[in-house]
Amino acid sequence: MRRFADYYTLRALVGNQPVLEQKMKKDTHPDYHMIKVQMTDGTVFETRSTWGEEGGTLQLDIDPTSHPAWTGGNQRLLDAGGQVARFNKRFGGLSLKKN
């Protein structure tokens, strides 16, 4: 069973009241290290990360130079298993326009 002193330390006394400070747990923070990030166009930059090992290279599949949300390009709708075709067959005749 933990004691009160395991969680708090006495920081100061203000008047007659103790000011308590919570202790930080040991070894809870991740290990940050330098890695290389390779963009889809081949450019490489270094950053700090918790991913992989020191000096490793993270290769991106999608990045701001290729994703339509950043480039302003059109997104393609992929039909997975005929879902779009089935939806259009069921609801294709519906519209919000008043006749």
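Residues numbered from 1 in each chain as written. Predicted model: local features only at pLDDT ≥ 70, side-chain atom pairs only at ≥ 80, totals over all residues. Heavy atoms only, no water.

A. Fine view of the overall build of the protein chain. A count of helices and strands for the protein chain gives three helices and five strands. Reading the protein chain from its N end, one meets helices and strands in the order α-β-β-β-β-β-α-α. Each of the 99 residues in the protein chain was classed as buried or not, and the buried ones make up 7%. Partitioning the contacts of the protein chain with sequence separation of at least 6, the portion at a separation of at least 24 is 7%. Accessible area for the protein chain stands at about 9,500 Å²; split by element, carbon and sulfur atoms hold 52% of it. (Helix = DSSP H or I, 4+ residues; strand = E, 2+ residues; numbered from the N terminus. Buried < 20%, exposed > 50% of the residue type's maximum accessible area, 1.4 Å probe, protein only. Contact = heavy atoms within 4.5 Å. Areas by Shrake-Rupley, 256 points an atom, 1.4 Å probe, with all protein chains shown as cover.)

B. Highlighting the packing of aromatic side chains. Taken as a whole, this structure holds one aromatic pair when the rule is applied. Ring centres of Phe-87 and Phe-91 lie 5.1 Å apart, and the angle between their planes is 45°; this geometry places the pair in the tilted category. Here the residue Phe-87 and the residue Phe-91 both occupy positions in helix H3 (residues 83–91), the gap between them amounting to four residues, near one helical turn. (Phe/Tyr/Trp six-rings, centres within 6.5 Å; stacked < 30°, edge-to-face > 60°.)

C. Representation of the sheet that holds strand E4 (residues 44–49) within the structure. The mixed open sheet is built from three strands, whose spatial order is E4-E3-E5. Looking along the sheet, the strands with just one partner apiece sit at the ends: E4 and strand E5 (57–59). Pairwise comparison of adjacent strand axes, ignoring direction, gives a mean angle of 35° for this sheet. Alignment of strand E3 (residues 33–38) against E4, held across six bridges, turns out to be antiparallel. Bridge assignment links His-33 to a residue of E4, and that residue is Ser-49. (Pairing = 2+ DSSP bridges. Axes fitted to C-alpha atoms, helices over the stretch in contact; angles between N-to-C directions.)

D. Highlighting the confidence of the model for the protein chain. For the protein chain, mean pLDDT is 76; residues scoring 70 or higher make up 62% of the total. Within the protein chain, the element-level pLDDT minimum falls on helix H1 (residues 4–7), averaging 52, and the maximum on E3, averaging 95. (pLDDT = per-residue confidence, 0-100.)

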